[in-house]
Amino acid sequence: ALADVDCVQDSVTLSPEAATLFGVPAERAGQPLPCAEVRSRVHPDDYPAVMAALARSRDPAGDGSASVEYRHLVTDAGGGRRVRWVSMQLQCGFD
């Protein structure tokens, strides 16, 4: 699954596969979403590790890569939340 993050606009565009993985309605795939919306679904215990990985990938002193495994909270059709484990590989390009 792929996602394209726009750091300037603080938005993320998800592929249809990524939208399904992250519990985002299919009709919103391919449209920019606020990063905060996706971050709000990260398990609170894993949030610091996810944010640290994002910071590592955006550090111009590094190679732009980082990885992290974390729990993502997905709302099911009945309104309940379930946990999905995600392995995220980041690669940031610098202009």
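The coordinates are above.
Residues numbered from 1 in each chain as written. Predicted model: local features only at pLDDT ≥ 70, side-chain atom pairs only at ≥ 80, totals over all residues. Heavy atoms only, no water.

**Description of the side chain of arginine 41**
Point 1. Here arginine 41 shows up in the loop between helix 2 (35-39) and helix 3 (47-57).
Point 2. A distance of 3.0 Å separates a polar side-chain atom of arginine 41 from the backbone oxygen of phenylalanine 22.
Point 3. The contact partners of arginine 41, leaving out residues within four places of it in the chain, are Phe22, Gly23, Val24, Arg71, His72, Leu73 and Arg81. (Helix = DSSP H or I, 4+ residues; strand = E, 2+ residues; numbered from the N terminus. Polar contact = N/O pair within 3.5 Å; in protein donor to acceptor, adjacent residues only side chain to side chain. Contact = heavy atoms within 4.5 Å.)

**Here we look at the sheet that holds strand 1 (residues 3-6)**
Point 1. Ordered in space as 1-2-3, the three strands form an open sheet in which the pairing is antiparallel. Taken across any chain shown, the strands that pair with only one partner, and hence form the sheet edges, are strand 1 and strand 3 (32-34). Pairs of neighbouring strands in the sheet enclose a mean axial angle of 30°, with direction left out of account.
Point 2. With four bridges connecting them, strand 1 and strand 2 (residues 11-14) associate as antiparallel partners. Paired with aspartate 6 across the strands is serine 11, a residue of strand 2. (Pairing = 2+ DSSP bridges. Axes fitted to C-alpha atoms, helices over the stretch in contact; angles between N-to-C directions.)

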